[in-house]
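Spelled out, the chains give:
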Amino acid sequence: MDKRCYRKVNVLLRVVFPVFIMSLLGAGCASYTAQTQKVSQSWDMGNFQAAAIQITQEADKRGNSKDAIVWRLEQGAVLRAAERFEESNQAFDKAEELVNKYEEAAKMSVSREALATVTNLTTLPYEGFAYDKIMMNTYKALNYLQMGDSEKARVEFNRAFQRQDDAVHINTKRIEKAIEEGKKQNYNVDLAKVNRDGKFKSQFDNYYGDLEQFKAYAVYVNPLTVYLDGLYFMTHATGGSDLERSRKSFERVLGMIGENKYIRQDMETLQQVVNGKPISATTYVFFETGQSPEREQIRIDLPLFIITPGVPYVGAAFPKLKYRSDYISALTVSYDGKTEAPLLLSNMDAVVAREFKNELPTIITKTLIASAIKAGATYGTYAGATNGGRKNAGAGLAVLIAGALYQVAMNQADLRTWTTLPKEFQFCRIPTPADRKIELDPPYLGRKTPVVIDEGVVNVVWVKSVNRNSPLSVMQFKLKDEVKTIASPETATTVQHIPQTDIPKPEQVTQQPESLMSGAETQHEVSEPQAQPTQKNEAIAPALENQPEISMPSQ
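Reference entry: report on the structure contained in this document.

## Concerning the sheet that holds strand β6 (residues 343-347)
Point 1. The mixed open sheet is built from 5 strands, whose spatial order is β6-β7-β1-β10-β11. Here the strands that pair on one side only, and so sit at the sheet edges, are β6 and β11 (473-480). Between one strand axis and the next, the sheet turns by 25 degrees as a mean value, whatever way the strands run.
Point 2. Of the pairings in the sheet, the one linking strand β1 (residues 282-289) to strand β7 (residues 424-431) comprises 8 bridges and is antiparallel in character. Within β7, the position partnered with T289 by the bridge is E424.

Encoded structure:
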């Protein structure tokens, strides 16, 4: 190929084809979002019954396919919102069966991994993120409480806590597998070198800088689950070990979210139980509001020359979190002429973003390997057809066009994510009013929702809102139905007096910059303080951190 012809091919590839490629990418990047659109419309309007019918039909179509887990998770959440608790747990059971199957597999199938390198990551099964699995068991526990089966709820809380412990190990292994797969195919990905590439880092910081905006919880931990664990084992304690577990859970939540008057009141109540006194009539109001992030597709130029000499930057598709701002951010609970405002317990945007950030090294590694294989094959075929660019310019151009079209068709980001999770969980606690009447008032919306609290000593009012325009959905269940004390020698010796410890406030703790290549760090913490967001995205993803060891009771 002469220099003039080569220049023409270069111009064609650099100017014309990127425009064509981006138009195709734009047309094909809405895969999972498009599939869930019909259900989303009913969900957004607060029509949970219609959404339940639609999501069940869609989930059943997937059977045990590669997308089955995410569809069953969506189905379980929608059925729960529709107050079809038994069916909700059946959907979660199907998801959990597949989750356990993947977790028990000793190693990822080589054929599956090879398929992903020549296509894209959407061809791999959706195995569930750590926050998926933790929320799955948390929702199952809540469903059992709604159905009055406290013993099965205990099992689910145990499973949720175990998943938090297991998550660090499982996700560390996932990154190791991605690196090992690259070595098998002679594609050693030096992510530190990739991160130092100016062009890549500039694009990465531009797209992913928003991951630094959140105050960090401990990795793979959801404060909602930990708090509910403390609440459950305080109200369903059968002995001192349960009360001790409750105390540790409350302390862990304080360490994660900072000082909270309601948790302090819980700890005072717990001390009363330890001292053999009954729990006074109390009502908890939980507010599940908004929607968790979706994923959208973006394009970043990867420096393929780092792992494949002679191959320049190649554009690749990556997922990016898209946060949803249409939600009711506050709620007022009125009773007996008084008001309480629920406080933030768990920011699901932060929970999802923290794990997404930890997943980026795996995503980048796999995408680099896949892009290198595709680009390398194209350039290799081109070199063979043109004798290194010295002849057969037409054939060479055809090869490059075919290669570009192939990469476009296969270059899709994995946008699958559990979209029916909320944006936030808020909560408050109040003494149950004598007339058992409260009013829920979302400020500035001009509509109040009256609620008559069911009979019970410790009651939960669970309020759900999808967005500003959808109606409030209110459910109730009892955590404790009768006054019981469990004062005994065991209690007195196992659970000591709960000190009023000084929990560090989030603003008092700063987050240290995390390096992608620093390896897994082991931290043994009593609590997980929040951290201030940094102003600059210093690295591709944080090093993984081990969670504090938790002694789990038998199920």
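Alright, that's what it looks like, and here's the rest.
## Regarding the sheet that holds strand β9 (residues 449-452)
Point 1. The 4 strands are arranged β5-β4-β8-β9 in an open sheet whose pairing can be described as antiparallel. Bordering the open sheet on either side are β5 (338-340) and β9, each of which pairs with just one other strand. Direction aside, the axes of adjacent strands within the sheet are offset by 25 degrees on average.
Point 2. Relative to β5, strand β4 (residues 332-335) runs antiparallel, the two sharing 3 bridges. Bridge pairing in β5 links V333 to E340.

## Re the nonpolar core
Point 1. Y227, F286 and I438 are the most contacted members of the largest nonpolar core, which has 127 residues in total.
Point 2. No other element matches helix α15 (residues 348-386), which puts 13 residues into this core.
Point 3. If we skip the residues at most four places from it in the chain, Y227 touches F250, V253, I263, D266, Y284, F286, L345 and F427.
Point 4. In terms of nonpolar packing, the next biggest core, distinct from the first, is built from 5 residues, A130, A167, V219 and Y220 among them.

## What to know about the environment of M256
Point 1. Position of M256 among the secondary structure elements: in helix α13 (residues 240-257).
Point 2. Classification of M256 as buried rests on a relative accessible area of 0%.
Point 3. Along the primary structure M256 and V226 are separated by 30 residues, whereas in three dimensions their C-alpha atoms are 10.0 Å apart.

## What about the packing of helix α8 (residues 130-146) against helix α12 (residues 223-235)?
Point 1. The interhelical angle for the contact between α8 and α12, taken along N-to-C directions, is 35 degrees, at an axis separation of 10 Å. Between α8 and α12 lies a crossing whose hand is left-handed. Of the residues in α12, those in contact with I134, M135, T138, L142 and L145 of α8 are L224, T225, L228 and Y232.
Point 2. Within the contact of α8 with α12, the residues separate by chemical class into 7 nonpolar, 2 polar and no charged.

## With respect to the environment of L191
Point 1. Relative to the assigned elements, L191 resides in helix α10 (residues 191-196).
Point 2. Exposure remark for L191: the relative accessible area of 6% places this residue in the buried category.
Point 3. When the C-alpha atoms of L191 and I306 are compared, they prove to be 9.7 Å apart, with 115 residues separating the residues in sequence.

## Comments concerning α12
Point 1. Helix length check: α12, at 13 residues, gives a terminal C-alpha distance of 18 Å against a target of 18 Å (1.5 Å per residue), a fit within 8%.
Point 2. With 13 of 13 residues buried, α12 lies mostly within the body of the structure.
Point 3. Where α12 begins, one side-chain oxygen reaches toward the backbone nitrogen of L224, 3.0 Å away; that side chain belongs to N222.

The rules we used
Residues numbered from 1 in each chain as written. Predicted model: local features only at pLDDT ≥ 70, side-chain atom pairs only at ≥ 80, totals over all residues. Heavy atoms only, no water. Pairing = 2+ DSSP bridges. Helix = DSSP H or I, 4+ residues; strand = E, 2+ residues; numbered from the N terminus. Axes fitted to C-alpha atoms, helices over the stretch in contact; angles between N-to-C directions. Core = buried A, V, L, I, M, F, W, Y, C linked by side-chain atoms within 4.5 Å. Buried < 20%, exposed > 50% of the residue type's maximum accessible area, 1.4 Å probe, protein only. Contact = heavy atoms within 4.5 Å. Left-handed = near helix turned anticlockwise from the far one by under 90°. Nonpolar A, V, L, I, M, F, W, Y, C, P; charged D, E, K, R; others polar. Expected span 1.5 Å × (residues − 1). Polar contact = N/O pair within 3.5 Å; in protein donor to acceptor, adjacent residues only side chain to side chain.

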